[in-house]
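What follows is each chain in one-letter form.
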Amino acid sequence: MIGYVKGILEEADDQCIIVDNHGIGYRIFVPGSVFSGAIPIGQEVKVYTYLNVKEDAMQLYGFATRDDLRVFKLLLGVNGIGPKAGLGILSALSADDLRFAVLADDAAAIAKAPGIGKKTAQKLILELKDKLDLEDAFEQKLANQAAADTTKTAGDSQLQEAVQALVALGYPNTDALRAVKKVEGAETMDVETLLKAALKKML
C-alpha cells in the first residue's frame, strides 16, 4: 500500500522515527541500525516501508534500502517470526550478514538478536536456506557497498567513523549511535572532537 515515505526527519530514536511528508507525520518503526550515518533531524530522508495491519492497529516498518525491506519480508515468511522479531534481527545483523549467517548455518549469530533463541534461529535457517543463493549474496553485498560509497558525504563519514570508534571501544552499536546523535553540531566536527563529545554522552 505504501512503498516508501519521503520527507523531513522530525524525530528519531532506537525504535522509531517520525517523517513529515506534506504536513503529515508518519511514525515508522525502524531497526536500530537503519540510519547508521546518524542523519541529522531536519534532513530529507527516504524510507522503504512495510505496512502491518492488525485488528487494533496499523503500523509502518521502515528501512533505508529496498534490500533491507526485501530481507524483512523474507523473515516474515518464517513461521513464528513477526514484524517485531524481524526488526530485532535486522537491528542485530545487516541484511548481508543475515544472508551469510543463513548460508553458513550460523545459528549462534542469528540468536544474538533480541528475543530470538537458538531453536528459532535454526528454524529460520532451515526455512530460508533454500530461498538464498551464495553467489547472489556476494553480488548483493558488493552492490550494497557500492551504493553506500556513492551516497556517503564527508559529514556522514565523520559520524560513521565516530560510531565505529565507540563500537571498537566496546560500546554496543545502538548506544554508540545514540551518543553521537546527541552531540549538537556533530556534522561540523572532526572525528576526534566528535568522539570526545560522544564519550561524555556515554557517561
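None of the values given here were measured: they were computed from a predicted structure.

Asker: Can you lay out the overall build of the protein for me, pointing to particular residues and giving the numbers?
Answerer: Secondary structure summary: the protein contains nine helices and five strands in total. Reading the secondary structure of the protein in the N-to-C direction produces β-β-β-β-β-α-α-α-α-α-α-α-α-α. Counting all 203 residues of the protein, 37% fall into the buried class. Entry remark: accessible area of the protein is about 11400 Å², with carbon and sulfur atoms responsible for 51%.

Asker: With reference to specific residues and values, describe the confidence of the model for the protein.
Answerer: Averaged over all residues, the pLDDT of the protein is 83; the fraction at 70 or higher stands at 85%. Strand β3 (residues 24–29) holds the highest mean pLDDT among the elements of the protein, 95, whereas helix α6 (residues 134–151) holds the lowest, 63. Confidence drops under a pLDDT of 50 for residues 150–154, and excluding neighbours within four residues, the segment shows three contacts in the predicted structure.

Asker: A description of the packing of aromatic side chains should follow, citing residues and the corresponding values.
Answerer: This model, assessed by the stated rule, comprises five aromatic pairs. Here a set of aromatic residues connected by ring pairs shows up, and it is made of F29, Y50, Y61, F63 and F72. One Lys or Arg, K46, reaches over the ring of Y4 and ends 4.2 Å from the middle of that ring.

Asker: Which residues make up the pairing of β3, and what are the values?
Answerer: In this sheet, β3 lies alongside strand β2 (residues 16–21) in antiparallel orientation, the contact comprising six bridges. Within β3, the position partnered with I17 by the bridge is I28. Here β2 folds back onto β3, and the loop between the two strands holds two residues, one of which, H22, carries a positive phi near 55 degrees.

Asker: Give a detailed account of empty space enclosed by the protein, specifying residues and quantitative values.
Answerer: Counted according to the given criterion, the structure contains one cavity of 30 Å³ or more. There is about 50 Å³ of room inside the largest cavity. Taken together, V71, L74, L75, L98, R99, V102, L128 and L132 form the lining of the largest cavity. Where the lining of the largest cavity is concerned, the elements lending two or more residues are α1 (66–76) and α3 (95–103). In the lining of the largest cavity, the residues fall into seven nonpolar, no polar and one charged.

Asker: Outline the nonpolar core, listing residues and values.
Answerer: Nonpolar side chains in soluble globular proteins generally cluster together in the buried interior. Formed by 29 residues in total, the largest nonpolar core has its most connected members in L75, I89, L98, V102, I110 and L124. Listing elements by their share of this core, those giving two or more residues are β5 (58–63), α1, α2 (83–92), α3, α4 (107–110) and α5 (118–128). In contact with L124, not counting residues within four places along its chain, are L75, V78, I81, I89, L98, V102 and I110. With 15 residues, the next largest nonpolar core counts A176, V180, L194 and A198 among its residues.

Asker: Break down the layout of surface pockets for me, citing the residues and quoting the values.
Answerer: Of the volumes computed, that of the second largest pocket is approximately 380 Å³. Taken together, 13 residues line the second largest pocket, and the ones lying closest to its centre are Q15, V30, K84, L87 and G88. Elements that contribute at least two residues to the lining of the second largest pocket include exactly β5 and α2. Residues of the lining of the second largest pocket, tallied by class, amount to six nonpolar, five polar and two charged.

Asker: Let's hear about α3: which residues, and what values?
Answerer: In terms of burial, α3 is largely enclosed, as seven of its nine residues are buried. What α3 keeps buried is the set A95, D96, L98, R99, F100, A101 and V102.

Reading the values: rules and limits
- Residues numbered from 1 in each chain as written.
- Predicted model: local features only at pLDDT ≥ 70, side-chain atom pairs only at ≥ 80, totals over all residues.
- Heavy atoms only, no water.
- Helix = DSSP H or I, 4+ residues; strand = E, 2+ residues; numbered from the N terminus.
- Buried < 20%, exposed > 50% of the residue type's maximum accessible area, 1.4 Å probe, protein only.
- Areas by Shrake-Rupley, 256 points an atom, 1.4 Å probe, with all protein chains shown as cover.
- pLDDT = per-residue confidence, 0-100.
- Contact = heavy atoms within 4.5 Å.
- Phe/Tyr/Trp six-rings, centres within 6.5 Å; stacked < 30°, edge-to-face > 60°.
- Lys NZ or Arg CZ within 6 Å of the ring centre and 35° of its normal.
- Pairing = 2+ DSSP bridges.
- 1 Å grid on protein atoms, 1.4 Å probe; cavity = no way out; pocket = protein on both sides within 12 Å on 5 of 7 lines; lining within 4 Å.
- Points joined across faces, edges and corners; volume = space filled by probe spheres on them.
- Nonpolar A, V, L, I, M, F, W, Y, C, P; charged D, E, K, R; others polar.
- Core = buried A, V, L, I, M, F, W, Y, C linked by side-chain atoms within 4.5 Å.

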